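A look at the structure
As a plain string of letters, each chain reads:
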Amino acid sequence: MDILRPNLPSPLQELVNADTRAAGIRLWIKRDDLIHPTVSGNKWRKLKYNLLEAQSQGFKSILTFGGAYSNHLYATAAAGYALDLHTVGIVRGDELADADNPTLTFCKDHGMDLHFVSRTEYRQRSDDAYLQELSGRFGHPFLIPEGGTTALALKGEAEMVSEIEDQLGGLPDYISTPAGTGGTAAGILSAGCQVMAFAALKNGLFLGNDIQTLVADYENRGSLVLLTDYHFGGYAKWKPELLAFMDQFKAEFDIQLEQVYTGKMFYGLFDLIKMGHFDRGASIVAVHTGGLQGLLRT
Ligand SMILES: *Cc1c(COP(=O)(O)O)cnc(C)c1O
């Protein structure tokens, strides 16, 4: 599959430090951040079959949804640009129309038509009537929901699990991922693995339901552990200790994380490792879901 020339399989690297040694566990990082320079990480995997479907049905344009920091809008704009598909982004927050925002500027520069809507209107993003109205207004594009989370996205994410299985010679005890809409976690679950999903937003308990709904039709699904206490104040919020952790991670492993998703997951994961949460001998693969375009530069 040569869509956008991905670097696949993405590398799997073992992470060893004093904490993993003391806990007697083995930890690997799945470098999905290296799949593609602009369609990065889980967004590449989630978009893959959606884009192929749009192309095979002959669509010339795609409409999707996202917020001001949306890696999904960014990835969709980049992919659409490369594949000659026109893209439309429905953006949450009408005040953003005049804001100077690097994510949205990138989208615009890559040909995406941005339409800013109020938060009230944005809440209708899954309602059939609203979608029909939007579809008519924008010339019947291929619709992709927020975060790219569809049944086709799960299929793309499940391929990551196969890669890991090949690379390790078997499945690990846990695959760990950050969660925004939960589509990535659902894709891993659908492939039969035990998932640790770290909510990147506040009050993330609802993600448990959303994820289970997404995998309801899969028979051999794995089990889900949802962690909701590592959100650092909410979506895209952060605290100095999170940035300090990311710096330390960079110094120790020479791998850059970002503060919206992957920094929070690794902070939480190492917190659990240090607390003795895992049995000795446990194996964990943590997914670097990408998103480095949104790295806060202080
Ligand atoms: C979008 C995103 C997530 C969240 O993925 P979901 O499938 O929506 O849970 C996690 N990490 C990064 C880097 C992302 O861009």
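Attention in this report is confined to the structure presented alongside it. Counting restarts for each chain: residues are numbered from 1 in the order of the written sequence. The predicted nature of this model means local features are confined to residues of pLDDT at least 70 and side-chain atom pairs, given and counted, to a pLDDT of 80 or more, with totals for whole chains, interfaces and linings taken over all residues. Water and hydrogen atoms were dropped before computing side-chain values, which therefore reflect all heavy atoms in the structure.

Think of a 1 Å grid over the protein atoms and nothing else: a 1.4 Å probe that fits but is trapped marks a cavity, an open set flanked by protein within 12 Å on at least five of seven lines marks a pocket, and residues with an atom within 4 Å of a point count as lining. Grid points are joined across faces, edges and corners, and a volume is the space filled by probe spheres set on the points. In the structure shown here, the tally under the stated rule is one cavity of 30 Å³ or more. For the largest cavity, the calculated volume is near 40 Å³. Around the largest cavity, the lining residues are Leu 96, Ala 97, Ala 99, Asn 101, Leu 104, Thr 105, Lys 108 and Phe 116. Gly is put with the polar residues, along with every residue not named as nonpolar or charged; the nonpolar set is Ala, Val, Leu, Ile, Met, Phe, Trp, Tyr, Cys and Pro, and the charged set is Asp, Glu, Lys and Arg. Considering only residue class, the lining of the largest cavity consists of five nonpolar, two polar and one charged.

Looking now at helix α11 (residues 262-274). Two residues of an α-helix separated by three or four positions point the same way, owing to the 3.6 residues in each turn. Spanning 13 residues, α11 covers 18 Å between terminal C-alpha atoms, matching the ideal 18 Å at 1.5 Å per step. Only protein chains enter the area calculation, which uses a 1.4 Å probe; residues under 20% of their type maximum are buried, those over 50% are exposed, and those in between are partly exposed. We count a stretch as a helix when DSSP gives it H or I for four or more residues in a row; a strand needs E for two or more, and each element gets its number in order from the N terminus. With respect to burial, α11 is a largely interior element, 10 of its 13 residues being buried. Of the positions making up α11, those classed as buried are Thr 262, Gly 263, Lys 264, Met 265, Phe 266, Gly 268, Leu 269, Phe 270, Leu 272 and Ile 273. Positioned one or two residues after α11, Gly 276 has a phi angle of 75°, which is positive. A helix's residues, less one, multiplied by 1.5 Å, set its expected span.

A single heavy atom is enough: if one lies within 4 Å of a molecule or strand, its residue is considered near that molecule or strand. In the vicinity of the ligand there are 15 residues, among which Lys 43, Lys 46, Asn 71, Thr 181 and Thr 289 approach most closely. Lys 46 places a side-chain nitrogen or oxygen 2.5 Å from an oxygen atom of the ligand. Any N or O atom pair separated by 3.5 Å or less is treated as a polar contact, with the protein-specific requirement of one donor-capable and one acceptor-capable atom, and with residues adjacent in sequence counted only for side-chain atom pairs. Residue Asn 71 places a side-chain N or O atom 2.7 Å away from an oxygen atom belonging to the ligand. When the free accessible area of the ligand is taken as 390 Å², the share hidden by the protein chains comes to 97%. With respect to the pocket detection grid, the ligand is positioned in the largest pocket. When residues of the shell around the ligand are traced back to their parent elements, those giving at least two are α2 (41-56), β7 (174-179) and α8 (183-190). With three residues, the single largest contributor to the shell around the ligand is α2. Among the residues making up the shell around the ligand, the classes are represented as three nonpolar, 10 polar and two charged. Residue burial considers only the protein chains on display, and all accessible areas are found by Shrake-Rupley using a 1.4 Å probe. Those molecules having more than half of their atoms within 2 Å of a cavity or pocket grid point set are described as sitting in that cavity or pocket.

Moving on: the nonpolar core. Counting residues in each nonpolar core, the largest one holds 30 residues, and the members touching the most others are Leu 27, Phe 249, Phe 266, Leu 269 and Phe 278. Breaking this core down by element, the ones donating at least two residues are β2 (26-30), β8 (195-199), α10 (240-253), α11 and β10 (283-287). Once you skip the residues sitting within four places of it in the chain, Phe 266 turns out to touch Leu 15, Ile 29, Phe 245, Phe 249, Leu 257 and Ala 286. What we call a nonpolar core is a set of buried Ala, Val, Leu, Ile, Met, Phe, Trp, Tyr and Cys residues that are connected through their side-chain atoms within 4.5 Å. Of all hydrophobic cores here, the second largest spans 22 residues; its members include Leu 12, Leu 154, Ala 186 and Leu 189. Should any heavy atoms of two residues lie within 4.5 Å, those residues are considered in contact.

What follows covers unusual backbone geometry. Leave glycine aside and you will find that most residues have negative phi; peptide bonds, for their part, are mostly trans. Between Leu 8 and the following residue, Pro 9, the backbone shows a cis peptide bond with an omega angle of -5°. Summarising the element assignment, Pro 9 is placed in the segment before β1 (12-15). Although it is not a glycine, His 140 adopts a positive phi angle of roughly 55°. In this fold, His 140 is placed in the loop between α6 (128-137) and β6 (142-143). On the basis of relative accessibility, which here comes to 54%, the residue His 140 falls in the exposed class. If you check the backbone angles, Phe 232 has positive phi at about 55° while not being a glycine. As for its position among the elements, Phe 232 is in the loop between β9 (224-227) and α10.

Counting buried positions over the seven residues of strand β4 (residues 86-92) gives five, a clear majority of the element. Pairing between strands is defined by DSSP: at least two bridges between the two strands are required. In this structure, strand β3 (residues 61-66) lies alongside β4, joined through six bridges in parallel fashion. Bridged to Ser 61 within β4 is His 86. The pairing of β4 with strand β5 (residues 113-117) spans five bridges and is parallel. Looking across to β5, one finds that Arg 92 is bridged to Val 117. Orient the strands so they point away from the viewer; a crossover is then right-handed if the path from the first strand over the helix to the second runs clockwise. What joins β4 to β5 is helix α4 (residues 102-109), and the crossover it makes is right-handed.

The sheet built from six strands is open, its strands ordered β1-β2-β10-β7-β8-β9 with mixed pairing. Lying at the two open borders of the sheet, with one neighbouring strand each, are β1 and β9. Strand-to-strand twist of the sheet, defined as the mean angle between neighbouring strand axes without regard to direction, takes the value 25°. Examined bridge by bridge, β7 and β10 share three bridges and lie parallel to one another. Paired with Ser 176 across the bridge in β10 is Ala 286. Inter-axis angles, ranging from 0 to 180 degrees, are taken between N-to-C directions of lines fitted to C-alpha atoms, where helices are fitted over the stretch in contact.

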